[in-house]
Structures are given as structure tokens and as C-alpha cells.
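# Close look at the chain arrangement
Okay, here's what each chain looks like letter by letter:
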Amino acid sequence: MTQHAEPTAAATEGHRTDPAATFTELYGGVPEGIWAAPGRVNLIGEYTDFNDGFVMPLALPHTAVAAVSRRDDGVLRLYSTDVPGGVVSLRVDELAPHSGHGWAAYPAGVLWALREAGHPVTGADIALTSTVPTGAGLSSSAALEVVTALAVSDLFELGLSAAELAVIGRRAENAFVGVPCGIMDQMASACCTEGHALHLDTRDLSLRQVPFDLAAQGLTLLVVDTRVKHALGDGAYAERRAGCEEGARLLGIPMLRDLPYAGLDAALTTLADAGADESVIRYVRHVVSDNRRVEQVISLLDTGDVRAAGPVLNAGHASLRDDLRVSCPELDLVVEAANVAGALGARMTGGGFGGSAVVLVEAAAAGTVAKAVSEAFAAAGHAAPGIFDAVPSAGARRLR
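An unreviewed UniProt entry lists the chain under the name Galactokinase, with Streptomyces sindenensis as the source organism. Quoted straight from UniProt, the Function (unreviewed entry) entry for the chain says "Catalyzes the transfer of the gamma-phosphate of ATP to D-galactose to form alpha-D-galactose-1-phosphate (Gal-1-P)." Checking UniProt for the chain, the heading Pathway (unreviewed entry) contains the comment "Carbohydrate metabolism; galactose metabolism."

Assigned secondary structure in the chain consists of twelve helices and twelve strands. For 400 residues, the compact-globule estimate of 2.2 N^0.38 gives 21 Å, and the chain sits close to it at 21 Å. The dimensions of the chain, computed from C-alpha atoms along their principal axes, are 65 × 50 × 40 Å. The buried share among the 400 residues of the chain stands at 57%. Considering only contacts within the chain whose residues lie at least 6 apart along the sequence, 72% involve residues at least 24 apart. On the chain, roughly 14,800 Å² of surface is accessible, and the fraction owed to carbon and sulfur atoms is 52%.

Our next topic: the layout of surface pockets. Roughly 170 Å³ of volume is contained in the second largest pocket. As for the second largest pocket, its lining consists of Gly195, Phe212, Asp213, Leu214, Ala215, Leu219, Thr220, Leu221, Asp389, Ala390, Val391 and Pro392. No other element matches the three residues that strand E8 (residues 219–225) contributes to the lining of the second largest pocket.

Let's shift gears to the packing of helix H4 (residues 140–155) against helix H6 (residues 184–191). Taken N-terminus to C-terminus, the directions of H4 and H6 make an angle of 55°; their axes are 9 Å apart at the nearest point. On the basis of their axis angle, the class for H4 and H6 is oblique. Relative to H6, the crossing made by H4 is right-handed. Packed against H4, whose contacting residues are Ala142, Ala143, Glu145 and Val146, the element H6 presents Asp185, Gln186, Ser189 and Ala190 at the interface. Among the residues making up the contact of H4 with H6, the classes are represented as four nonpolar, two polar and two charged.

Now for the pattern of salt bridges. The tally for this structure, following the rule as stated, stands at 22 salt bridges. Across the salt bridge formed by Arg285 and Asp323, the nearest N and O atoms sit 2.9 Å from each other. Highlighted residues: Arg285 in helix H9 (residues 278–303) and Asp323 in helix H10 (residues 309–324), separated in sequence by 38 residues. On the basis of relative accessible area, Arg285 is assigned to the partly exposed category, the value being 30%. For Asp323, a relative accessible area of 11% gives the class buried. Arg293 serves as the salt-bridge partner of Asp290, at 2.6 Å between the closest nitrogen and oxygen.

Once that is clear, we can look at the nonpolar core. Membership of the largest hydrophobic core comes to 83 residues, with the highest contact counts inside it found for Met56 and Leu221. With residues up to four places along the chain from it excluded, the contact list for Leu221 reads Leu43, Leu58, Phe212, Leu214, Val358, Val359, Leu360, Phe388, Asp389 and Ala390. The next biggest cluster of nonpolar side chains, apart from the first, holds 45 residues, and it includes Cys244, Leu333, Ala337 and Met348.

Where helix H11 (residues 329–340) contacts helix H12 (residues 366–379), the two axes come as close as 9 Å, and the packing angle between them is 135°. What the angle tells us is that H11 and H12 run oblique. Of the two elements, H11 crosses H12, and the hand of that crossing is right-handed. Contacts between H11 and H12 involve Glu330, Leu333, Val334, Ala337 and Ala338 from the first element and Val369, Ala372, Val373, Ala376 and Phe377 from the second. A per-class count over the contact of H11 with H12 returns nine nonpolar, no polar and one charged.

Let us now look at the side chain of Asp49. For Asp49, the location among the structural elements is in the loop between strand E1 (33–44) and strand E2 (54–70). Among buried charged residues, Asp49 stands out as having no salt bridge; its nearest opposite-charge side chain is Arg241, 6.9 Å away.

What follows concerns empty space enclosed by the protein. This structure, assessed with the given rule, holds one cavity of 30 Å³ or more. Computed from the structure, the largest cavity encloses a volume of approximately 40 Å³. In this structure, the largest cavity is lined by Leu43, Phe212, Val306, Ala309, Leu313 and Leu360. Across the lining of the largest cavity, the residue classes tally to six nonpolar, no polar and no charged.

The next point concerns unusual backbone geometry. Here Tyr47, not a glycine, exhibits a phi torsion of approximately 60°, which is positive. Within the secondary structure, Tyr47 sits in the loop between E1 and E2. For Asp52, which is not glycine, the phi dihedral falls at a positive 65°. Position of Asp52 relative to the elements: it lies in the loop between E1 and E2. For Asp52, a relative accessible area of 19% gives the class buried.

Parameters and conventions
- Per chain, the residues get numbers from 1 upward, laid out in the order the sequence is written.
- Thresholds applied to this predicted model are a pLDDT of at least 70 for local features of residues and 80 or more for the giving and counting of side-chain atom pairs; totals over whole chains, interfaces and linings are not thresholded and use all residues.
- Side-chain measures were taken over the full set of non-hydrogen atoms in the model, leaving aside hydrogen atoms and water.
- UniProt positions are given in the numbering used here, feature names are shortened, and annotations may be inferred rather than shown by experiment.
- To qualify as a helix, a DSSP run of H or I must reach at least 4 residues; to qualify as a strand, a run of E must reach at least 2; elements of each kind are numbered from the N terminus.
- Each radius of gyration is computed over the set of C-alpha atoms, and the globule rule expresses the reference value as 2.2 Å times the number of residues to the power 0.38.
- Only protein chains enter the accessibility calculation, which uses a 1.4 Å probe. A residue is then buried if its area is under 20% of the maximum for its type, exposed if over 50%, and partly exposed in between.
- The contact criterion used throughout is that any non-hydrogen atoms of two residues lie within 4.5 Å.
- Only the protein chains shown count as cover for residues, and all accessible areas are computed by the Shrake-Rupley method using a 1.4 Å probe.
- Cavity means a closed set of points on a 1 Å grid over the protein atoms alone, one where a 1.4 Å probe fits but cannot get out, pocket means an open set with protein on both sides within 12 Å along at least 5 of 7 lines, and lining means a residue has an atom within 4 Å of a point.
- Grid points are joined across faces, edges and corners, and a volume is the space filled by probe spheres set on the points.
- Axis definition: a line fitted to C-alpha atoms, limited for helices to the stretch in contact. Angles are taken between N-to-C directions and run from 0 to 180 degrees.
- For this classification, under 35 degrees means roughly parallel, over 145 means roughly antiparallel, 65 to 115 means roughly perpendicular, and everything else is oblique.
- By convention, the crossing between two helices is left-handed when the near helix turns anticlockwise from the far helix through less than a right angle, and right-handed when the turn is clockwise.
- Here the term charged refers only to Asp, Glu, Lys and Arg, the term nonpolar to Ala, Val, Leu, Ile, Met, Phe, Trp, Tyr, Cys and Pro, and the term polar to all other amino acids, Gly among them.
- By convention in these notes, a salt bridge is any Lys or Arg side-chain nitrogen within 4 Å of a carboxyl oxygen on Asp or Glu.
- To qualify as a nonpolar core, a set must consist of buried Ala, Val, Leu, Ile, Met, Phe, Trp, Tyr and Cys residues joined through side-chain atoms within 4.5 Å.
- Charged-residue counts in this description rest on Lys and Arg as positive and Asp and Glu as negative, His and the chain ends being excluded.

What follows is the structure in C-alpha cells.
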């Protein structure tokens, strides 16, 4: 067992990016292991996961990395190189939902969820660093949750599967942090594989790894981070979730997943006749049509006609903008500028109200499209966006 030295002032004030070195400076000794879990970008299927629907994310090369050792004294110590401030020290038997702790609530919530599930977790020293952009709709919080869950599962020999790690992460975010997210983000971080997109059925967590080698087809998927920060805990996400649940209730079905696309028009008429709020009707239309768009993209990937997915992405953005109303001027500008510059298709991705968009483009035109988006942002007086290639990467894993 590692000796638990008190953190030094030099270590807590520094911003070392090597988590093992940071761990040693903070806590003394060598960490028992190093783990990584990625952020994700969602190709298609937005706001469908909490409706038991279909999603299609892929893991990014950007990861949260954790250096971790066990403790047997009930203490949890957390430090991030990415957040100002020192070590957050908590007692695992005093962890309680909605008790604050800022960024540390995400990993702390994981230990709470593990203990709530009956796992004998007695504390840990954790040093974290992350390259997943925060507030960009790329699941930085899920990466923190999954990397913590994997490290603790390994160290305490809990034997949890990737899907079980994801469920623990979602439990932490839903019940401890208080964000009513679905399971997609955690499943993507835990289960994605390199070179593939993840076709996930969020009802039973069955999944299929779909080959997604865009480079071989002369294509690129760009991620455009608008630099506009969003916060899913502000009530907008919860309001849409409640609206979807109300739509299912009025239609007499367990979840919107249970409404087939062929029955959508009749269902919308039923909702209108029942006096449903106009927003509920829009939310139902989005969710059912986006489930259909996931099926369309899967079919196109299976037949090798990836370019034809472009218009499906455009349709998805229009639905998110007009029916779900979770876009923003910056996201709309990305989609418009990219398409005018020759992109095959584009849409916002993630929770919206800022964050990122994905752009499907011919590889030869990627630079031109990226330049056009950047110039459009400058002309509109927006801060320069962050633009990078989405390379389908590996899910959570132990590094050493």
C-alpha cells in the first residue's frame, strides 16, 4: 500500500501533465496504475438515449488519464491538473448526492455509486489530467467518471464489465451530480473500439462495432468546437427529458423508442388532439425521426455509401435546431458555412446550447471547409473555433 504523504505546496500549485509524476509529488510513492478513458463525439442520434433509443458515437483520441492508488482508511483524495486549486479531500462514508465539490463531484460520485451498489471501496488517491475539451459537448465528464470507475474496479478487483462501468458512471452523474443524462456518453467512453463507431441500443445496452474508416474512403469527419460553453445541469436538458416522458405517457407507450417512424404522423395528431403542449409535439417528432436517422446512417455505412450520410446529418441538425431547439447561432453558423464551402453534411452534436458540431467532408476539402468556418466566425465577431479531425479511437483501458 502506498504511503499517504500530505500533498506538498509545490505539487498542488503546479500543473504537471504527467499524472504519474503529479501523483508522486502530491501523495508520495508511485501510483498503483495509470488508466485512460476517452471523450466522444456523437455521429447521429441526439437526445434519443434517455428515450431508450439508438445512438452512434465514436471515441476521440482525447482522454482523461488517472494515476490511482488504493486507500484503506476511508479517505478519497482528488486532484486535477486542469482545474485551479489544490487537492480535494473527502471521506467516502460521508459522500452524499448534490453536495457540491465542483469538478470533483464526478469522480467522487463514482465511488459513491460503487459503494451504493455494495462494492467494498475504501478510498483512493487519484491524480487526473484530461485533454477532452470541457463544455464542448464531447463528454469530458463521462471520461472522468469512466476512468475513475475502471481504475477503482481494477484496484479493488471488482471485475466490472465495460457496460457495468458505464452504468456506474451514469448513476454518478444522474443521482450524485444531478444531471439527468442518458447512458450514451459513458457507454461510448467505456466500450468504443479503435476504427469503429458504436451502434448502441440504449434500452438493453446491446451494441455493435461498426467499421468507420473514413480515411480509406477519402473522407474526414471534422469536430468544430464553437468555444461556447454549455451546462446540462441548467434545466434545459431536464425540461426536454420531461417533455419526452410526457409525450410517451400521452401516447400510452413506455418510451418514445416504442413509437415506430411509420406511426409518427398519426401519433403527432393524437398528441395535438389530446391537448399536448406544442413543445412536447416537437420533442416527440425529433426523437422518433432521429432514431430513424441512426438506422439510415447504419445502412449507409454497411453498404459503403458514407457520403450519402451527409444529408442525414443536415436533417439531424435541422431537427435539433427547429424541433428540439437546442442549437445556437454559433452552431448554426458552423453548419451553414461548412455546407456552403462544400461539406457533405454537418450537424451540432452533444447537448447543445453551445459545444461542438461535426462536419463530414472530402479529405481534400477539409482545409478549405475549416478555413471557411473560421472566417465565418471572425466575420460574425465570434472567438475562433477549435477544429480537429475526429479519429475513431479506443475506449477505456489501463495504460500501465
